[in-house]
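Topology and contacts: notes
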Amino acid sequence: QVHLVESGGGWVQAGGSLRLSCAVSGRTTFSGYVMGWFRQAPGKEREFVAAMRWSGGSTYYADSVKGRFTISRDNAENTVYLQMNNMKPEDTAVYSCAANNGIQYRLAGLYDYWGQGTQVTVSS
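The structure contained in this document is the topic of the report that follows. Here the residue index of a chain counts from 1 through its sequence in written order. It should be noted that, the model being predicted, local features are given only for residues of pLDDT at least 70 and side-chain atom pairs only at 80 or more, the latter also being counted only at that level, while totals for whole chains, interfaces and linings use all residues. Each side-chain value is derived from all of the structure's non-hydrogen atoms; neither hydrogens nor water enter the calculation.

A few words on the nonpolar core. Residues L4, V24, W37, L82, M84 and Y95 are the most contacted members of the largest nonpolar core, which totals 38 residues. Those elements that provide at least two residues to this core are β3 (18–25), β4 (34–40), β5 (47–53), β7 (69–74), β8 (79–84), β9 (93–100) and β11 (118–123). In this text, buried Ala, Val, Leu, Ile, Met, Phe, Trp, Tyr and Cys residues form a nonpolar core when linked through side-chain atoms within 4.5 Å. Relative accessibility thresholds used throughout: buried, under 20% of the residue-type maximum; exposed, over 50%; partly exposed, between the two (1.4 Å probe, protein chains only). Under the DSSP-based scheme used, a helix requires at least four consecutive residues in state H or I and a strand at least two consecutive residues in state E, with every element numbered from the N terminus.

Basic side-chain nitrogens of Lys or Arg form a salt bridge, by our definition, when they fall within 4 Å of a carboxyl oxygen of Asp or Glu. A full pass over the atoms with the stated rule returns four salt bridges. The partner of D91 in a salt bridge is R39, and the shortest N-O contact between them spans 2.9 Å. Taken together, the residues span a long stretch of sequence, with D91 in the loop between β8 and β9 and R39 in strand β4 at a distance of 52 residues. What makes R39 buried here is its relative accessible area of 6%.

Another aspect to go through is unusual backbone geometry. Not every positive phi belongs to a glycine, and N78 is a case in point at roughly 50°. Its location among the elements puts N78 in the loop between β7 and β8. Notably, N86 is not glycine yet its phi reads approximately 50°, a positive angle. Mapped onto the fold, N86 is located in the loop between β8 and β9.

Below, the discussion takes up the sheet that holds β3. Taking strand neighbours across the sheet as the criterion, the four strands line up as β1-β3-β8-β7 in an open arrangement whose pairing is antiparallel. A single partner strand is all that each edge strand has here, and the edge strands are β1 (3–7) and β7. In this sheet, neighbouring strand axes are inclined to one another by 20° on average, regardless of whether the strands run parallel or antiparallel. Two elements, β1 and β3, share five bridges in a ladder whose sense is antiparallel. The residue of β3 that forms the bridge with E6 is C22. Strand pairing is assigned whenever DSSP detects at least two bridges linking the two strands. Axis definition: a line fit to C-alpha positions, over the contact stretch in the case of helices; interaxial angles, taken between N-to-C directions, run 0 to 180 degrees.

Both β7 and β8 contribute to a ladder of six bridges, which runs antiparallel. Along β8, the bridge assignment pairs I71 with L82. Hairpin geometry of β7 and β8 is characterised by an intervening segment of four residues between the two adjacent antiparallel strands and by a positive phi of about 50° at N78.

Don't take any of this as a statement about function, it's just geometry.
Right, here's the structure in full:
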């Protein structure tokens, strides 16, 4: 079974930056997987943030984070990253990484594996 462990959450001032990591294990290769980042704030639905195919070639972003967030991965370390720049208070949420062995990327309900999440808080 695929296991995902997030790290890197914390507190940051508006306009600052934070980098989240997602360590992935449980398979000899993830070349057929889609990796995604989602977030959920209190009282709100879980929302899509960013995703990419492990093999590369395509990245996808929610409109709210385009130009500010970047998803990437280190194949040798089996780690997915979410670089968050110019952060805003509305970015405050629990961020989770997820893995999908299909080809879809935006629908949370179709992802197969999830990490526990890491809290990100942006102060104004």
